[in-house]
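Examining the three-dimensional arrangement
Here is how the chains run, residue by residue.
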Amino acid sequence: NTTYFVVNPTANDFQLAATLGGAPLDQSSNGSGLVARVHNTRLDGTGHSELLIAAPSGSGAAGLRIDAVRVQAAGPATTGMVRLFKAEGATLRLLHELAVAAATPSAAVRAFSADVQFAGGLLLEPGQALRAAPHQPELFDVTVLQGGEF
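Note that the structure is a prediction, hence the values are computed from the model and not measured. (Residues numbered from 1 in each chain as written. Predicted model: local features only at pLDDT ≥ 70, side-chain atom pairs only at ≥ 80, totals over all residues. Heavy atoms only, no water.)

Points about the overall build of the protein
Put simply, the rule reads: Strands here are runs of E lasting at least two residues and helices are runs of H or I lasting at least four, both read from the DSSP assignment and numbered beginning at the N terminus. Throughout this description, buried means an accessible area under 20% of the type-specific maximum (1.4 Å probe, protein chains only), exposed means over 50%, and partly exposed covers the range between. When checking whether two residues touch, look at their non-hydrogen atoms; a contact exists if any pair is within 4.5 Å. Only the protein chains shown count as cover for residues, and the accessible areas themselves come from Shrake-Rupley with a 1.4 Å probe.
Secondary structure summary: the protein contains zero helices and ten strands in total. Secondary structure elements of the protein occur, N-terminal to C-terminal, as β-β-β-β-β-β-β-β-β-β. Here the protein, with 150 residues, has 42% of them falling under the buried criterion. Of the contacts formed within the protein by residues at least 6 apart in sequence, a portion of 71% connects residues at least 24 apart. Accessible surface, the protein: about 7700 Å² in total, of which carbon and sulfur atoms supply 51%.

Examining the nonpolar core
Which entries qualify depends on this criterion: Nonpolar cores are built from buried Ala, Val, Leu, Ile, Met, Phe, Trp, Tyr and Cys residues. Side-chain atoms within 4.5 Å join them into one set.
Residues Ile53, Ile66, Leu84, Phe112, Leu130 and Phe140 are the most contacted members of the largest nonpolar core, which totals 26 residues. Among the secondary structure elements, those contributing two or more residues to this core are β4 (50-54), β5 (64-73), β6 (80-88), β7 (91-100), β8 (113-124), β9 (128-134) and β10 (140-149). Counting residues in hydrophobic clusters, the runner-up holds seven residues, among them Ala87, Leu92, Ala129 and Ala133.

Focus: the pairing of β9
To be explicit about the condition: Note on pairing: two strands pair once DSSP finds at least 2 bridges between them.
With seven of its seven residues buried, β9 lies for the most part within the structure. Relative to β9, β4 runs antiparallel, the two being bridged by four bridges. Each bridged residue has a counterpart across the sheet, and for Ala54 the counterpart in β9 is Ala129. Bridge count between β6 and β9: seven bridges; the pairing is antiparallel. In the sheet register, Val82 faces β9, and the bridge partner there is Pro134.

Considerations on the pairing of β6
A large share of β6 lies buried, amounting to seven of its nine residues. Note: β6 against β7, nine bridges, orientation antiparallel. Residue Val82 lies in a different strand from β7, and its bridge partner there is Leu98. Linkage of β6 to β7, two consecutive antiparallel strands, is achieved through a turn of two residues, within which Gly89 is found at a positive phi near 65 degrees.

These figures come from the coordinates and say nothing about function on their own.
This is how it looks when you write it as structure tokens:
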């Protein structure tokens, strides 16, 4: 699992860094950066899931608001689900199941891609995190598109 740190927060968005206070990650060209590379068929969050983003913890830490994420297949995809979980310590709660349509990317067929919007924003209190797990053993880039501190 990889932990990412919020840097350069504004009222409407933020960037992510691999280290505390580090340089922002480049998420421009192919949408990658936060990648779910495990699979898990369980709805309760037990088993494997990939950490996407964690709200900072500690004295005076602000929480995070996530408005949207993009789920992009990194190759062929079979019919299944990508599940998003809200984590607080070892406790995970299923937030969203995104149905994945089968697709084999080619010159005429796009790879599976979908945006998940969180109406009113998904609020992560200090110490909470957003995790993801694809149902099938396939690769998906799951990228935070929009959010900020609260």
